[in-house]
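# Structural description and commentary
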Amino acid sequence: MKKKTVYIWMSTVVGLTVALYAGIYFLDLQAKVKPIVASANPTGEVEFRSTIFGTFEEPLKKPMDVAKVGEYIYVSDTGNKQIQVFDQSGTPITKFGKKGTKEGEFQFPYGIDGDEQGNVYVADMYNGKISVFNSKGEFQHYFKETGKETLIKAPGGLRIVDNKIYVTDIEKHKVFVFGLDGEKVAEIGGAGTGEGQFIAPNSVAVDEDQNVYVSDSGNNRVQVFNKDGKFEKIINGSKDGKGQSSFVNPRGIGVDGRGNVYIVNNLSHNIYVYDKDGNQENVLGGMGSNNDQLYLPNGLYVDERGTIFVTDTINQRVSVFY
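The sections below set out a description of the structure shown in this document. (Residues numbered from 1 in each chain as written. Predicted model: local features only at pLDDT ≥ 70, side-chain atom pairs only at ≥ 80, totals over all residues. Heavy atoms only, no water.)

### Details of the overall build of the protein
- If you tally the helices and strands in the protein, you get one helix and 24 strands.
- The buried share of the protein, reckoned over its 322 residues, is 50%.
- When the accessible area of the protein is evaluated, it comes to approximately 15,900 Å², of which 50% is carbon and sulfur surface. (Helix = DSSP H or I, 4+ residues; strand = E, 2+ residues; numbered from the N terminus. Buried < 20%, exposed > 50% of the residue type's maximum accessible area, 1.4 Å probe, protein only. Areas by Shrake-Rupley, 256 points an atom, 1.4 Å probe, with all protein chains shown as cover.)

### Section: the sheet that holds strand β16 (residues 221-225)
- If you trace the four strands from one edge of the open sheet to the other, you get β14-β15-β16-β17, paired in antiparallel fashion. Bordering the open sheet on either side are β14 (201-206) and β17 (231-235), each of which pairs with just one other strand. Taken pair by pair, the neighbouring strands of this sheet meet at an average axis angle of 20°, ignoring direction. (Pairing = 2+ DSSP bridges. Axes fitted to C-alpha atoms, helices over the stretch in contact; angles between N-to-C directions.)

### Here we look at the environment of G182
- In this structure, G182 sits in the loop between β12 (174-179) and β13 (184-189).
- When neighbours within four sequence positions are excluded, G182 is seen to be in contact with F143, K144, E145 and T146. (Contact = heavy atoms within 4.5 Å.)

### Considerations on the pattern of salt bridges
- Counted by the stated rule, this structure contains 13 salt bridges.
- Salt bridges here are not isolated pairs; linked through shared partners, they connect K68, D303, E304 and R305. (Salt bridge = Lys/Arg side-chain N within 4 Å of Asp/Glu carboxyl O.)

### What to know about the environment of G243
- Within the fold, G243 resides in the loop between β17 and β18 (250-255).
- Once you skip the residues sitting within four places of it in the chain, G243 turns out to touch N236 and S238.

### Quick notes on the packing of aromatic side chains
- One pass over the full model with this rule turns up 14 aromatic pairs.
- Plain terms: the ring middles of F96 and F133 are 4.7 Å apart, the flat faces sit at 45° to each other, and that makes the pair tilted. Within this pair, whereas F96 is found in strand β5 (residues 92-96), its partner F133 is found in strand β8 (residues 129-133), the two being separated by 37 residues in sequence. Pair check on accessibility: F96 and F133 agree, each one buried.
- The structure contains a cluster of three or more aromatic residues connected by ring pairs, namely F96, F106, F133, F139 and Y142.
- Directly above the aromatic system of Y142 lies the positively charged group of K129, at a separation of 4.4 Å from the ring centroid. (Phe/Tyr/Trp six-rings, centres within 6.5 Å; stacked < 30°, edge-to-face > 60°. Lys NZ or Arg CZ within 6 Å of the ring centre and 35° of its normal.)

### Details of the side chain of N202
- For N202, the location among the structural elements is in strand β14.
- The class for N202 is buried, based on a relative accessible area of 5%.

### Focus on the pairing of strand β7 (residues 120-124)
- Within β7, five of the five residues are buried, which leaves it mostly tucked inside the rest of the structure.
- Residues V120, V122 and D124 point to one face of β7 and Y121 and A123 to the other, with burial holding for every one of them.
- Pairing geometry for strand β6 (residues 109-114) and β7, over four bridges, is antiparallel. Following the sheet pairing, G114 is matched in β7 by V120.
- Adjacent in sequence and paired antiparallel, β6 and β7 are bridged by five residues, among which G118 carries a positive phi angle near 90°.
- The pairing of β7 with β8 spans five bridges and is classified as antiparallel. Following the sheet pairing, A123 is matched in β8 by I130.

### Quick word on the sheet that holds strand β2 (residues 63-69)
- Spatially, β2-β3-β4-β5 is the arrangement adopted by the four strands of the open sheet, whose pairing is antiparallel. At either margin of the open sheet sits one strand with a lone partner, and together these are β2 and β5. If you compare each strand with its neighbour and ignore which way they point, the axes differ by 20° on average.
- Sheet analysis places strand β4 (residues 82-86) next to β5, joined by four bridges and oriented antiparallel. From the neighbouring strand, F86 faces β5, where its bridge partner is P92.

### A word on the side chain of K81
- Looking at the secondary structure, you find K81 in the loop between β3 (72-77) and β4.
- Apart from residues lying up to four places away in sequence, K81 is in contact with G97, K98, K99, F106, Q107 and P109.

### Regarding the layout of surface pockets
- The computed volume of the largest pocket comes to approximately 780 Å³.
- If you trace the largest pocket, you find 26 residues lining it, with I160, V161, Y301, V302 and E304 closest to the centre.
- Residue assignment for the lining of the largest pocket shows that the elements contributing at least two residues are β2, β6, β10 (155-161), β14, β18 and β22 (297-302).
- Among the residues making up the lining of the largest pocket, the classes are represented as 10 nonpolar, five polar and 11 charged.
- Size it by volume and the second largest pocket reaches roughly 300 Å³. (1 Å grid on protein atoms, 1.4 Å probe; cavity = no way out; pocket = protein on both sides within 12 Å on 5 of 7 lines; lining within 4 Å. Points joined across faces, edges and corners; volume = space filled by probe spheres on them. Nonpolar A, V, L, I, M, F, W, Y, C, P; charged D, E, K, R; others polar.)

### Thoughts on the environment of K172
- Within the secondary structure, K172 is located in the loop between β11 (164-169) and β12.
- Classification of K172 by relative accessible area gives partly exposed; the value is 26%.
- Considered as a pair, K172 and K153 are 19 residues apart in the sequence and their alpha carbons are 7.3 Å apart.
- Ignoring sequence-local partners within four residues, the contact set of K172 consists of T150, L151, K153, G190 and A191.

This is the structure:
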């Protein structure tokens, strides 16, 4: 056997051996990866767990909000004027929508959530409408108010709880609450800096007692209202919310089953965590592109298991914590 042939044969054997061990290592690593469907850490220590990207052909571009509807994760892929859908392992499932002003099209898809039937509601801030799709991403209709006057003008964040839709109107500086049939239930706020007033309210969340949390972005604070829309308190990182605010442009907000409040602090690139009494429990993130870091985070969603999904806008991904 020629020496050159021997070298080729030996190189092939070495290559196959390396590939075999690499494959075994990869399979072993996969076996150790914790799925994001796991429940929240019972110790209460929330940590980074995984990342959701778009497809290689079309990665997420300026993802603004995220929601879990049924067993799927829906992301408002605002830069691409569409919605991307993933399973809980982060595998892309489908996408829908495109740029435009017609039915099923978007100019600036932002807040997103779903109802008990699996329908998906998308707030389009620039089109001034909330589009309703079925679970397959097929346009059904625009959310229609039953009153004589159309109240919603620039819908931002939205959440659906107990068959009621809570919508921030960034231009009107208000939060509107409607039944899913379009009947107005409540109207909260108005332009200003006083208690119960907003400057460009961005996101909204509702806890198990139907208290309403609103990120009052222009005033660098979060305001809390009871189920009747009455002002209760301010959260801004200071004692009783009466001192200097720790927030700079707060955005996404969520509340878990234990009453912990998660607030995206956009310009400091992190998430503040407070217990139900307003005491700071944790700070997640920090500016950067590492797995546990964020860069101008925006939307936040807490599911029934306590898993926290955060749109990491500049890093073009959704970061998952629990």
